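Examining the three-dimensional arrangement
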Amino acid sequence: PRNVRKICCIGAGYVGGPTCAVIADKNPDIEVTVVDLNEARIRAWNTDDLPVYEPELLKYVKSARDGADGERSPNLFFSTDVDAAVRAADLIFISVNTPTKYTGTGAGHACDLGYVESATRKIAEVSESDKIVIEKSTVPCKTAETIREILAATGRPGVRFEILSNPEFLAEGTAINDLLHPDRILIGSLRSERGFQAAEVLSSVYAAWIPRDRIMTINLWSSELTKIAANALLAQRISSVNALSAICEATGADIDEVAYACGKDTRIGPRMLKASVGFGGSCFKKDILSLAYISDTLHLPEVAAYWRSVVDINEYQKDRFTRRITKCLYHSLTNKRIAILGFAYKKNTGDTRETAAISVVNSLVLEQADIRIYDPRVKEEQIWQDLKATASDITLLKRRVSVCTSAYEACTDSHAAVILTEWDEFSNKDHSTTQGNSPPTATNGTAEDGNLSSRMDWQHVAGLMKKPMFVFDGRNVVDVDKLEALGFRVECIGKSGTPKASSSILE
Ligand code: NAI
């Protein structure tokens, strides 16, 4: 196979940045350049205050970008000079955003391929030599056909393009570990001699650190569809367990016990069965809606409705949680102070896209509550940007919401503390649960969670809050008995609440 000397990645986001940091670290002979139109983002990638927070990311970036360990020359570059990097590259990853369309045909459902298209046109415009173009972005099935047409119609004569699909399965918050130890690498190609050759070239890049038997080469269309299908299946598990949590709250069953016991069945498995206030993140909702839209366009309305119900349950779950807060606080939140602990869509990331916190806060503001938000990793300006983009009454929002720099500050004089992100510092369990499902009593911790000293002191919080004090745990990270012993009333997802309050919370 052709020797790879230079890789370009278009899109320096949550996927492009971490993925290229690991590829560059593991392939010191390949020059990797990540480009983006967003100058501020590129500037940040060239500092130690990276635009994306991920555990271990800075270490990998510094090693490849700066040659920080002194044993290698830098081979990772971040630049806004898209043309030069594309022109020089043998392999080009397209890792741009593919959000849900918000206007025009398919608005609110279909995937917006505008960024993929402009990246493709740029590749066609500036390429003077043959390229392998790789879809890293999550795209609807058959997008490679669109890319091929654009390249064929607008590329220079004599320049040949081979297109591969190589979806990314990393999860935010564990991106580096996922990149280092992926369950599989998927490479989709056309079933032609040139397609197989291109797939082999890309395989050789991954083979620098990933065992060959984990690198799967499959048909292009299967590869595109697998990414969306995998996200739909993962989200479907969460919505299934969340739907069961509603039954638990009404019956006295405990969702953590039910999920753990179900997950012990090897046909079901333990991961992604954690009940919560609802899933967030930039991918699940948009990819399921995209899958449903594809189904609609293929005249499969029942299939579309099936997948859409996964999103419907998620909206229902967020709404149900907010209604429970209002109900427990005696049906009135007017002028009551409520601490929001956590704004990111999950722990170990600063990402807030589609976070449940946005809808919960907006609903509580409309109930005229005073909201005090704290998150250890999300910047204040990001919180305001998210809330302003979605609030129905901006004046009310500004009057009712403030952002705090500590959990204690947020909880002071509050009637309730509402946990929306499973940050370790909010947990008072002996060991925090990390991923998937763990026994309801004895839970497993990992080294990452070991930083117990930075946990908040709930006894101290008990002295700060207004009585009666409520904790609404949207992530099931607190030990209910311990908090009740401190005088809190505790409401968790999928469990009936503190007995004194229970008669009023059963729906
Ligand atoms: P992002 O929004 O963080 O990054 C995309 C970047 O592409 C932005 O910085 C944007 O400025 C840049 N961009 C857009 N058009 C461009 C162009 N024509 N030229 C140069 N730069 C351009 O998005 P993120 O989260 O990295 O996602 C990228 C893709 O990967 C999406 O398709 C997403 O569905 C997929 N994905 C995301 C995962 C995640 O956890 N965030 C996981 C797996 C896949």
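Going by an unreviewed UniProt entry, the protein carries the name UDP-glucose 6-dehydrogenase and comes from Viridothelium virens. If you open the UniProt record of the protein and go to Pathway (unreviewed entry), you find "Nucleotide-sugar biosynthesis; UDP-alpha-D-glucuronate biosynthesis; UDP-alpha-D-glucuronate from UDP-alpha-D-glucose: step 1/1." Per its UniProt entry, the protein bears the Catalytic activity (unreviewed entry) comment "UDP-alpha-D-glucose + 2 NAD(+) + H2O = UDP-alpha-D-glucuronate + 2 NADH + 3 H(+)".

Thoughts on the overall build of the protein
Per the secondary structure count, the protein includes 19 helices and 14 strands. What you see for the protein is a C-alpha radius of gyration of 24 Å, in line with the 23 Å of a compact globule of 507 residues. Taken over the C-alpha atoms alone, the protein extends approximately 75 × 55 × 50 Å along its principal axes. Within the protein, the proportion of its 507 residues that are buried is 48%.

Concerning the UniProt feature "active site" (unreviewed entry) in the protein
Sequence positions flagged by UniProt for "active site" (unreviewed entry) are, in local numbering, Cys283. Residue placement: Cys283 occurs in the loop between α10 (255-263) and α11 (284-297). Of the residues examined, Cys283 has 23 C-beta atoms within 10 Å and is grouped as buried. If sequence neighbours within four positions are ignored, Cys283 has contacts with Thr138 and Asn231.

Some details on the packing of α11 against helix α12 (residues 301-328)
Any two packed helices are characterised by how steeply their axes cross, that is the angle between the axes, and by the distance between the axes. Interhelical geometry of α11 versus α12 gives an angle of 165° and a closest axis separation of 7 Å. Viewed along their axes, α11 and α12 adopt a mutual orientation that is roughly antiparallel. α12 is crossed by α11, and the crossing has left-handed handedness. Each of Lys285, Ile288, Leu289, Leu291, Ala292, Ser295 and Asp296 in α11 lies in contact with α12, whose residues at this interface are Pro301, Val303, Ala304, Trp307, Arg308, Val310 and Val311.

Topic: the nonpolar core
By size, the foremost hydrophobic cluster in this structure holds 142 residues, and its most contacted members are Ile92, Ile340, Leu341, Val361 and Val418. Formed jointly, this core draws a minimum of three residues from each of two domains, domain 1 (6-210) and domain 2 (231-505). Apart from residues lying up to four places away in sequence, Val418 is in contact with Ile325, Ile338, Ala339, Ile340, Leu341, Phe472 and Gly474.

Re the site of the ligand
Gly11, Gly13, Val15, Ser137 and Thr138 are the nearest of the 27 residues found near the ligand. For the shell around the ligand, the element with the most residues is helix α5 (residues 114-126), which contributes three residues. Residues that form the shell around the ligand fall into these classes: twelve nonpolar, eleven polar and four charged.

Quick notes on the sheet that holds strand β14 (residues 489-492)
Pairing is parallel in the open sheet, where six strands are placed in the order β11-β10-β9-β12-β13-β14. Here the strands that pair on one side only, and so sit at the sheet edges, are β11 (401-403) and β14. In this sheet, neighbouring strand axes are inclined to one another by 20° on average, regardless of whether the strands run parallel or antiparallel. Of the pairings in the sheet, the one linking strand β10 (residues 370-374) to β11 comprises three bridges and is parallel in character. Across the sheet, Ile373 pairs through a bridge with Val403, a residue of β11.

Some remarks on helix α14 (residues 380-390)
Among the residues of α14, Ile383, Asp386 and Leu387 are the ones counted as buried. The arc enclosing the buried residues of α14, seen along the axis, measures out at 90°, which places them on a common side. In α14, those exposed residues whose orientation departs by more than 90 degrees from the buried face are Glu381, Gln385, Lys388 and Ala389. Residues of α14 that are buried make contact with α13 (356-366), β10, α15 (394-400) and β11.

Details of unusual backbone geometry
The linkage connecting Lys467 with the following residue, Pro468, adopts the cis geometry, with an omega of -10°. With respect to the secondary-structure elements, Pro468 resides in the loop between α17 (458-464) and β13 (470-473). Even without being a glycine, Met272 presents a positive backbone phi close to 60°. Secondary-structure assignment places Met272 in the loop between α10 and α11. The backbone of Tyr330 shows a phi angle near 60°, a positive value even though the residue is not glycine. Along the chain, Tyr330 turns up in the loop between α12 and β9 (337-341). A residue is classified by how many C-beta atoms lie within 10 Å of it, and Tyr330, with 11 of them, is exposed.

Description of the domain arrangement of the protein
Much of the literature gives interface size as the accessible area that the parts lose upon coming together. Here the protein is partitioned into domain 1 (6-210) and domain 2 (231-505). For domain 1 versus domain 2, the distance between C-alpha centres works out to 33 Å. Across the side of domain 1 that touches domain 2, the residue classes break down as eight nonpolar, five polar and two charged.

Examining the pairing of β13
Because side chains alternate across β13, one face comprises the buried residues Phe470 and Phe472, and the other comprises Val471 and Asp473, equally buried. Relative to β13, strand β12 (residues 416-419) is paired through four bridges, and the arrangement is parallel. Its bridge partner being in β13, Ala417 is matched across the sheet by Val471. Bridge count between β13 and β14: four bridges; the pairing is parallel. What sits directly across from Asp473, in β14, is Cys492.

A closer look at the packing of helix α9 (residues 220-251) against α12
Relative to each other, α9 and α12 sit at 45°, their axes nearing to 9 Å. Considered as vectors, α9 and α12 are oriented oblique to each other. Handedness of the α9/α12 crossing: left-handed. Taking contact as the criterion, the partners of Ala232, Ala235, Gln236, Ser239, Asn242, Ala243 and Ala246 in α9 are, on α12, Trp307, Val310, Ile313, Asn314, Gln317 and Arg320. In terms of residue class, the contact of α9 with α12 is built from seven nonpolar, five polar and one charged.

Basis of the calculations
Residues numbered from 1 in each chain as written. Predicted model: local features only at pLDDT ≥ 70, side-chain atom pairs only at ≥ 80, totals over all residues. UniProt positions renumbered as here; feature names shortened; annotations may be inferred. Helix = DSSP H or I, 4+ residues; strand = E, 2+ residues; numbered from the N terminus. Rg over C-alpha atoms; globule rule 2.2 N^0.38 Å. Buried ≥ 20, exposed ≤ 12 C-beta atoms within 10 Å, placed from the backbone. Contact = placed C-beta atoms within 7 Å. Axes fitted to C-alpha atoms, helices over the stretch in contact; angles between N-to-C directions. Parallel < 35°, antiparallel > 145°, perpendicular 65-115°, else oblique. Left-handed = near helix turned anticlockwise from the far one by under 90°. Core = buried A, V, L, I, M, F, W, Y, C linked by C-beta atoms within 7 Å. Domains from an automatic or database assignment. Near = placed C-beta within 6 Å. Nonpolar A, V, L, I, M, F, W, Y, C, P; charged D, E, K, R; others polar. Pairing = 2+ DSSP bridges. Arc of directions from axis to C-beta.

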